[in-house]
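Chain and residue survey
As a plain string of letters, each chain reads:
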Amino acid sequence: MSETRVHFYQVGSFAVGNRLLSADERTVQSDRRRTNSIDSGHRACQGCGEALGARYALDAAMRVTSGQLVAVNATGCLEVFSTPFPETSWQIPWLHSLFGNAPAVATGVAAALRVKGRDQVRVVGQAGDGGTVDIGFGTLSGMFERNDDVLFVCYDNEGYMNTGVQRSAATPPTARTATTDAVGPEPGNAFGQGKDVPRIAMAHGIPYVATATVADLHDLERKVERAMSFHGARYLHVFVPCPLGWGAASSETIHVARLAKETGIFPVYEAEYGEVTGVTKIRRQAPVTEYLRLQRRYAHLFGHPGRPDVVARLQAMADANIARYGLLATEEDE
Amino acid sequence: MDRPFAITLDVGTSRANHTGSWRIERPVYVDRLPPCNDACPAGENIQGWLYHAESGDYEAAWRTLVQENPLPAVMGRVCFHPCETACNRVQVDEAVGINAVERFLGDTAIERGWSLPAPGPDTGHTVLVVGAGPAGLSAAYHLRRLGHAVRLVDSSPRLGGMLRYGIPAYRLPRTVLDAEIDRIVALGVQVATEHPVLDIEAEQRAWGADAVFLAVGAQLGKRVHIPAGDSTKVVDAVSFLHQVADDDPPLLGRRVVVYGGGDTAMDAARTARRLGATDAVIVYRRNRDKMPAHPEEVEQALGEGVTVRWLSTVERFEGGRLVLERMRLTPDGLPEPTGEYDELDADALVLALGQDTDLSLLEGAGAVTVSNGVVEVGHQMMTTQPGIFAGGDVAPSERTATVAVGHGKHAARGIDAYLRAETPARPERHALASFDRLNTWYYADAPRTRRPELELVRRQTNFEEVVRGLTEDNALFEARRCLSCGNCFECDNCFGVCPDNAVIKLGPGERYAFNYDFCKGCGICARECPCGAIEMVPERI
């Protein structure tokens with residue numbers, strides 16, 4: 001049969017795999033030979049977005065580096081649920097030291113490998129948003145400033161989840177946590193500037209900064225691959241819903257992440273040397289209420305009488321993201 | 001004991017921790033019935049054959065198709081595709097062009113000379129099939145596959161029944177029809193044409209047949225009394241179309257009026273246009289919403305310059321002039337006379353008011369029950385007389401070629417069970433794959449590919465086929481628009497989205513399995529399955 005070029009493949013590149021695509025156009029995750037960097041039997045909650053995000057990012061990095069990879073992990077859910085002594089879920093070289101020093105340890109590992117002349121071995125540092133945005137922030141900024149050869153990945157679930165869902169500097173306004181009760185005239189977490197670490201990372205002028213979600217695997221894997229093509233400090237911020245802490249159904253993890261992107265709440269983009277170079281456009285725009293209603297941490301905003309005024313402020317934040325990054329598709333993008 | 005200081009245990013894998021014990025619901029893979037399959041009167045596994053067409057394996061697709069229906073090139077032209085009406089993709093953009101892909105497969109099969117599956121091992125039984133229309137042909141095919149000898153008789157000189165003598169050539173070219181009929185006959189069907197059957201039981205004895213399938217169709221055009229002058233020409237649409245098919249068209253003149261609102265009326269009017277009528281007018285007693293003709297047919301007829309007098313009945317016809325009475329619709333949608341009249345010049349009047357069956361051949365078969373002009377049939381098409389089965393237009397149903405093909409298949413299976421003295425098995429029916437079970441995010445956006453139509457001027461004057469086929473590119477594109485509702489198409493989503501690596505990918509064509517030792521029952525796989533082929537069921541605790 002003659003070869004015919006067809007530009008349409010049923011699920012195109014939205015699904016994880018696609019039997020109609022050639023193997024190199026499918027994701028790492030669709031491959032039976034993927035590393036499974038984090039193995040079965042880990043104790044993450046049902047539907048954990050972070051377990052998923054970590055496997056996605058590390059398996060992609062393992063493929064790009066042909067398995068020449070060391071991961072350094074901060075304290076946090078990811079470390080706790082994967083390594084209760086004497087078990088480990090890690091199927092890659094993996095180190096854990098403290099909550100606040102993962103970027104510094106990663107720097108050290110990179111330096112040691114350089115001294116030993118093993119430049120082909122690459123280093124990934126990883127932490128949750130607590131270890132990145134709050135506790136590890138000083139060492140992270142130092143790692144950026146020195147431009148150490150580390151890809152640092154933050155799995156952002158917007159709070160300290162394994163210690164009982166406390167607020168972090170990545171917790172969004174109005175969200176209820178154990179330390180931000182949904183009471184009073186301004187219920188939940190306060191409105192403020194928060195800490196937008198991807199933009200802070202960009203301000204360091206490092207080679208590569210990107211955001212991604214667990215809902216768009218092709219995008220996430222491409223960004224890991226892109227990040228590994230640079231040397232120097234790189235930063236990847238992955239949005240990973242937490243069913244427990246957010247009060248969402250465990251089955252909704254990916255759907256919630258998708259809505260965060262489709263509403264404009266979480267802008268997905270990438271930047272090189274401090275300049276935005278690419279934006280993942282919104283495909284089916286949705287109002288923020290669709291995202292908020294799936295999560296009990298926002299339940300106080302709805303019902304009777306509800307807080308339509310507060311919802312409007314959150315919508316305004318999403319709209320500001322859409323405007324800042326140009327998240328809406330234009331005719332030219334079609 | 002050479003462990004480091006203060007370390008008492010070796011490092012072990014987390015696989016020791018069987019997190020499957022956390023689960024209160026377990027995911028299971030299911031196959032659901034796609035709405036297209038559910039709607040197909042011929043019982044085709046549409047999703048099944050589209051799956052093969054998607055990968056460009058047209059032969060496998062065609063082979064899956066002909067498991068149920070031996071006439072894909074014919075059906076790809078004349079079927080009114082209830083599958084597309086039922087298609088879930090309607091709610092995303094437009095229905096998948098199933099009918100167009102079916103035609104592409106049928107045409108490709110003819111072009112490449114693929115043959116039907118070989119007949120089954122000889123059972124020693126003989127079945128008489130009376131009538132070689134779509135029902136009879138379908139029954140003959142399925143009976144041969146089941147290993148029964150088939151005698152196929154028809155009163156006309158050629159096989160095909162209404163496919164040949166009712167459907168005009170611009171909708172179904174005769175070369176296509178002949179090719180698909182020849183393929184069935186080549187399975188070893190013994191054929192007798194120009195063989196009218198007058199007494200079914202005598203005929204059965206004459207052939208030594210163990211069972212009979214009666215599929216003589218509805219060949220008699222219904223007549224109504226219309227006062228008409230001597231010189232006026234009034235014909236019925238069935239005879240008119242039959243004569244055209246015999247290359248012996250009657251002379252109707254320039255102004256032809258067709259009375260009726262069904263597909264036969266459309267066929268008659270469009271045929272009249274092609275024979276040179278400058279005015280082809282359809283007179284119909286209700287409005288367009290109530291018209292029984294399929295909208296596509298109406299659209300094509302209007303596009304060819306056929307006009308319609310809505311809400312009118314024919315009162316009388318004399319001296320080249322037709323008197324029409326205007327009607328109005330009651331709130332119940334029934335037409336009622338207004339007492340106002342219009343006139344219309346006409347050279348001929350064609351009556352297309354429905355068709356009746358000629359069941360005089362059953363007079364000897366006393367046990368066959370006939371009511372309202374059709375034969376009563378039970379499960380798997382057996383009449384009230386054991387051993388005599390009936391289908392197609394003689395059985396109560398919607399009278400379409402596709403329904404007839406389905407009847408032929410069911411009757412063949414019923415006859416087979418009867419001859420083996422078995423109770424016919426009812427295959428298990430899966431639950432419907434409804435739209436709300438799909439996760440449409442994952443499907444690429446793609447509007448439907450249209451089949452090109454012959455330019456208007458050309459199709460008004462000749463019998464060339466109006467609707468052309470898809471190119472291979474378009475057919476492939478169209479097939480790939482299928483959402484595969486309710487049936488896994490191996491997109492790897494479940495394998496990719498499991499946070500616990502508890503989905504095992506079994507390889508191409510083998511789908512997946514769950515590793516229940518580690519599946520925590522979060523339900524992401526079921527939520528993110530595009531086609532709804534995973535179900536969460538409560539765990540027995």
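It should be emphasised that the depicted structure is a prediction, and the values quoted were computed from it without experimental measurement. (Residues numbered from 1 in each chain as written. Chains lettered and ligands numbered in written order. Predicted model: local features only at pLDDT ≥ 70, side-chain atom pairs only at ≥ 80, totals over all residues. Heavy atoms only, no water.)

1. Here we look at the sheet that holds strand E5 (residues 190–192) of chain B
Residue and element names in this part refer to chain B. Overall, parallel pairing links the five strands, which are arranged E5-E4-E3-E6-E19 in an open sheet. The open sheet is flanked by E5 and strand E19 (388–390), the only strands paired with a single partner. Within this sheet the neighbouring strands show an average axis-to-axis angle of 20°, counted without direction. Here strand E3 (residues 126–130) runs beside strand E4 (residues 149–153); their pairing, made up of five bridges, is parallel. Counterpart to Thr126 in the pairing with E4 is Ala149. Where helix H10 (residues 200–207) meets the sheet, its contacts fall on E3, E4, E5, strand E6 (211–214) and E19, and the angle it forms with E3 comes to roughly 140°. (Pairing = 2+ DSSP bridges. Helix = DSSP H or I, 4+ residues; strand = E, 2+ residues; numbered from the N terminus. Axes fitted to C-alpha atoms, helices over the stretch in contact; angles between N-to-C directions. Contact = heavy atoms within 4.5 Å.)

2. Some words on the nonpolar core
In terms of nonpolar packing, the biggest core is built from 95 residues, with Tyr155(A), Tyr291(A) and Leu292(A) touching the most fellow members. Tallying contributions element by element places helix H1 (residues 49–64) of chain A first for this core, with nine residues. Counting residues domain by domain, this core receives three or more from each of domain 1 (18–31 + 488–538) and domain 2 (41–114 + 440–479) of chain B. If near-sequence neighbours (up to four positions away) are discounted, Tyr291(A) is found in contact with Glu158(A), Phe239(A), Trp246(A), Val256(A), Leu259(A), Ala260(A), Thr263(A), Ile265(A), Arg297(A) and Tyr298(A). Counting residues in hydrophobic clusters, the runner-up holds 69 residues, among them Ala42(B), Ala61(B), Trp114(B) and Leu476(B). (Core = buried A, V, L, I, M, F, W, Y, C linked by side-chain atoms within 4.5 Å. Buried < 20%, exposed > 50% of the residue type's maximum accessible area, 1.4 Å probe, protein only. Domains from an automatic or database assignment.)

3. Regarding the interface of chain B and chain A
Across the boundary between the two partners, chain B contributes 60 residues, which contact 52 residues of chain A. Roughly 4,900 Å² is buried in total at the junction of chain B and chain A, and carbon and sulfur atoms are behind 51% of that figure. Sorting the residues of chain B by area buried against chain A places Trp441(B), Arg480(B) and Asn501(B) first, and these three jointly supply 16% of that buried surface. Where chain B packs against chain A, one counts five salt bridges. Glu252(A) is the partner of Arg527(B) in a salt bridge, and the nearest nitrogen-oxygen pair spans 2.8 Å. Summed over the shared surface of chain B and chain A, the result is 35 residue pairs in polar contact (both at pLDDT 80 or more). Taken together, the elements giving at least two residues each to the side of chain B that touches chain A come down to strand E1 (12–13), helix H2 (46–54), helix H16 (472–479), helix H17 (493–497) and helix H18 (524–528) of chain B. Looking at the side of chain B that touches chain A, its residues break down into 26 nonpolar, 16 polar and 18 charged. With two bridges connecting them, strand E2 (residues 87–88) of chain A and E1(B) associate as parallel partners. Each bridged residue has a counterpart across the sheet, and for Glu87(A) the counterpart in E1(B) is Gly12(B). (Buried area = accessible area lost by both parts, 1.4 Å probe. Salt bridge = Lys/Arg side-chain N within 4 Å of Asp/Glu carboxyl O. Polar contact = N/O pair within 3.5 Å; in protein donor to acceptor, adjacent residues only side chain to side chain. Nonpolar A, V, L, I, M, F, W, Y, C, P; charged D, E, K, R; others polar.)

4. What about empty space enclosed by the protein?
Residues and elements named next belong to chain B. The tally for this structure, following the rule as stated, stands at eight cavities of 30 Å³ or more. In this model, the largest cavity occupies a volume close to 120 Å³. Lining the largest cavity are 16 residues; nearest its centre among them are Pro27, Cys498, Cys519, Cys522 and Cys525. Across the lining of the largest cavity, the residue classes tally to 12 nonpolar, two polar and two charged. (1 Å grid on protein atoms, 1.4 Å probe; cavity = no way out; pocket = protein on both sides within 12 Å on 5 of 7 lines; lining within 4 Å. Points joined across faces, edges and corners; volume = space filled by probe spheres on them.)

5. A word on the environment of Val214(A)
Residue and element names in this part refer to chain A. Positionally, Val214 belongs in the loop between strand E6 (208–213) and helix H7 (217–228). Among the residues examined, Val214 registers a relative accessible area of 2% and is labelled buried. Expressed as a C-alpha distance, the spacing of Val214 and Phe99, which sit 115 residues apart in the sequence, is 24 Å.

6. A closer look at the domain arrangement of chain B
Buried accessible area, meaning the area lost when the parts come together, often serves as the stated size of an interface. All names here are of chain B. Taken as a whole, chain B is organised into domain 1 (18–31 + 488–538), domain 2 (41–114 + 440–479), domain 3 (126–219 + 357–419) and domain 4 (249–352). Averaged C-alpha coordinates put domain 2 and domain 3 at centres separated by 27 Å. Contacts between the two partners involve 26 residues from domain 2 and, on the opposite side, 24 residues from domain 3. Interface area for domain 2 against domain 3, summed over the two sides, is near 2,200 Å², with a carbon-plus-sulfur share of 65%. The largest contributions to the domain 2 side of the interface with domain 3 come from Pro70, Leu71 and Val78, which together make up 24% of the buried area. The tally of links from domain 2 across to domain 3 stands at two salt bridges. Of the charged contacts, one joins Arg413 and Glu68 as a salt bridge, the two residues approaching to 3.5 Å between their closest N and O atoms. Here domain 2 is connected to domain 3 by 11 residue pairs in polar contact (both at pLDDT 80 or more). For the side of domain 2 that touches domain 3, the secondary-structure elements that each account for two or more residues are helix H4 (72–78) and helix H6 (98–112).

7. Let's talk about the sheet that holds strand E1 (residues 69–73) of chain A
All names here are of chain A. Spatially, eight strands are ordered E3-E1-E4-E5-E7-E6-E8-E9 in an open sheet, and the strand pairing comes out mixed. If you trace the sheet from one side to the other, it starts and ends with strand E3 (94–96) and strand E9 (275–279), each paired once. Sheet twist, expressed as the average angle between the axes of neighbouring strands with direction ignored, equals 20°. Pairing of strand E4 (residues 122–128) with strand E5 (residues 151–156) involves five bridges; the strand directions are parallel.

8. Digging into helix H9 (residues 174–185) of chain B
With 12 residues, H9(B) extends 16 Å from end C-alpha to end C-alpha; this agrees with the ideal 16 Å at 1.5 Å per step. Within H9(B), the full set of buried residues consists of Val176(B), Leu177(B), Asp178(B), Glu180(B), Ile181(B), Arg183(B) and Ile184(B). (Expected span 1.5 Å × (residues − 1).)

9. Things to note about helix H13 (residues 295–303) of chain B
Residues and elements named next belong to chain B. Listing the buried residues of H13 in full gives Glu297, Val298, Gln300 and Ala301. Along the axis of H13, the buried positions cluster into a sector of 165°, meaning they face one direction only. Downstream of H13 by one or two residues, Gly305 has phi in the positive range, about 95°. (Arc of directions from axis to C-beta.)

10. What about the pairing of strand E15 (residues 348–351) of chain B?
Residues and elements named next belong to chain B. The side-chain alternation of E15 yields two buried faces, one formed by Ala348 and Val350 and the other by Leu349 and Leu351. Relative to E15, strand E8 (residues 233–236) runs parallel, the two sharing four bridges. Paired with Lys233 across the bridge in E15 is Ala348. Two elements, strand E9 (residues 255–259) and E15, share four bridges in a ladder whose sense is parallel. Within the sheet, the bridge partner assigned to Val257 lies in E15 and is Leu349.

11. A short note on the packing of aromatic side chains
For any pair of aromatic rings, the description consists of the separation of the ring centres together with the inter-plane angle of the planes. In this structure the tally under the stated criterion is 18 aromatic pairs over all chains. When the ring of Tyr269(A) is compared with that of Tyr325(A), the centres are 4.3 Å apart and the planes differ by 20°; the resulting orientation is stacked. Here Tyr325(A) lies in helix H11 (residues 308–325) and Tyr269(A) lies in strand E8 (residues 269–272), a separation of 56 residues in the sequence. Judged by centre distance (6.0 Å) and plane angle (70°), the ring pair of Phe389(B) and Tyr418(B) falls under edge-to-face. In this pair, Phe389(B) is assigned in strand E19 and Tyr418(B) in helix H14 (residues 401–419), connecting sequence segments 29 residues apart. Of the residues examined, Phe389(B) reaches a relative accessible area of 2% and is grouped as buried. Relative accessible area serves as the criterion here: at 32%, Tyr418(B) is assigned to the partly exposed category. In textbook terms, an aromatic cluster arises when at least three aromatic residues are bridged by ring pairs, as seen for Tyr29(B), Tyr512(B), Phe514(B) and Tyr516(B). A cation sits over an aromatic face here: Lys195(A) above Phe137(A), 4.5 Å from the ring centre. Across from the ring centre of Tyr516(B), 4.2 Å away, lies the NZ or CZ of Arg26(B), which sits over that ring. (Phe/Tyr/Trp six-rings, centres within 6.5 Å; stacked < 30°, edge-to-face > 60°. Lys NZ or Arg CZ within 6 Å of the ring centre and 35° of its normal.)

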